[in-house]
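In case you want the letters, here they are:
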Amino acid sequence: MKEENQSSTLCFILLGVTRKQQEEDIFFTLLLLIYPITLVGNMLMILAIHSDSRLHNPMYFFLANLSSVDILFSSVTVPKMLANYLLSSKTISYGGCLTQMYFMIALANTDSYILAVMAYDRAVAISRPLHYTTIMSPRSCILLVVGSWVIGNANALPHTLLTARLSFCSNRNVANFYCDITPLLKLSCSDIHFNVKMMYLGVGVFSVPLIGIIISYIRVFATVLRVPSIKGMLKAFSTCGSHLTVVSLYYGTVMGMYFRPLTSYSLKDAVITVMYTAVTPMLNPFIYSLRNQDMKAALGKLFRRRISS
């Protein structure tokens, strides 16, 4: 009964990125520009891949799924932050907070596993080109993407259920612009030792794809270094460059946020979350398209078709 009463009456206050109004104004303006660019950029990637038959292969299938996750990832947090700023309200309901936390964990994990799948795809394409179509069959590609979504949601569910069992006292100020698990645990007046252990276990599950990415690129580099042609080496590295850039941006910011003790977290760390929740999803379409001639051609074809119609 106590938990039911808490869920119906409790609200949290999202403190934002900083406590200073002038800085909040700057972040609002930036996110107001970043969010539409994220939506348009990733939607264009999906449409270009769907409309051009030359891009109907595993690499672009995974890229389209990554763009879908990035759209959802930004949409879980940024619209709420923008609405709160415009309405001069920083509140979020108890149910809304847990829902936001669930989808953030689920989508962050899904993003991580899809990045690992993309690295595996490049490793197979470069190290085993003759067996590529057999290994990366349509069925295998679908199973890899579905598996990424299943693992992401399976990792998010226990954290959400455990957080829902906690009691929260008078201080309800969440030190972020969205409901993240770390500031919520710091607000609880319940025993959170088990929650913290589960959080670090979740970080471990999130980190498994990074190990897979490292192993995949070791195979890629080992294969490429055996290629006698300099042109062949450059071509192989160019196909992986965009992915490595995205992986570095994503894991670099996430590791800076969660690979440390819970007690060291504060509001100033909310700036880091802006990087991986808003900036990285916006940059991904640019990173993958600027150095990819096939993607540029598909986007040009898409624009010409829209103009002519």
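Shown above is the structure to which this text applies.
Residues numbered from 1 in each chain as written. Predicted model: local features only at pLDDT ≥ 70, side-chain atom pairs only at ≥ 80, totals over all residues. Heavy atoms only, no water.

Student: For the nonpolar core, give the residues involved together with the corresponding values.
Tutor: By size, the foremost hydrophobic cluster in this structure holds 66 residues, and its most contacted members are Leu63, Leu115, Tyr250 and Met295. When contributions to this core are tallied by element, the ones reaching two or more residues are α2 (21–51), α3 (58–86), α4 (94–127), α6 (138–164), α8 (193–224), α9 (230–258), α10 (270–290) and α11 (293–308). Looking at which element gives the most residues to this core, the answer is α4, with 12 residues. Those residues in contact with Met295 that sit more than four places away from it in its chain are Met45, Ala48, Ile49, Leu55, Tyr60, Leu63, Tyr288 and Ser289. Counting residues in each nonpolar core, the second largest holds 23 residues, with Leu10, Ile105, Cys179 and Val196 among its members. (Core = buried A, V, L, I, M, F, W, Y, C linked by side-chain atoms within 4.5 Å. Buried < 20%, exposed > 50% of the residue type's maximum accessible area, 1.4 Å probe, protein only. Helix = DSSP H or I, 4+ residues; strand = E, 2+ residues; numbered from the N terminus. Contact = heavy atoms within 4.5 Å.)

Student: Would you mind going over the pairing of strand β1 (residues 11–14) in detail, with residue names and values included?
Tutor: Residue alternation in β1 divides its side chains into a buried set, Phe12 and Leu14, and an unburied set, Cys11 and Ile13. Two elements, β1 and strand β3 (residues 173–174), share two bridges in a ladder whose sense is parallel. Bridged to Leu14 within β3 is Val174. (Pairing = 2+ DSSP bridges.)

Student: If you had to explain empty space enclosed by the protein to someone new, which residues and values would you point to?
Tutor: Applying the stated rule across the entire model yields four cavities of 30 Å³ or more. When its volume is computed, the largest cavity comes out at roughly 280 Å³. What lines the largest cavity is a set of 19 residues, among which Ile105, Ala108, Asn109, Ile181 and Tyr258 lie closest to the centre. Residue assignment for the lining of the largest cavity shows that the elements contributing at least two residues are α4, α6, α8 and α9. A per-class count over the lining of the largest cavity returns 14 nonpolar, four polar and one charged. (1 Å grid on protein atoms, 1.4 Å probe; cavity = no way out; pocket = protein on both sides within 12 Å on 5 of 7 lines; lining within 4 Å. Points joined across faces, edges and corners; volume = space filled by probe spheres on them. Nonpolar A, V, L, I, M, F, W, Y, C, P; charged D, E, K, R; others polar.)

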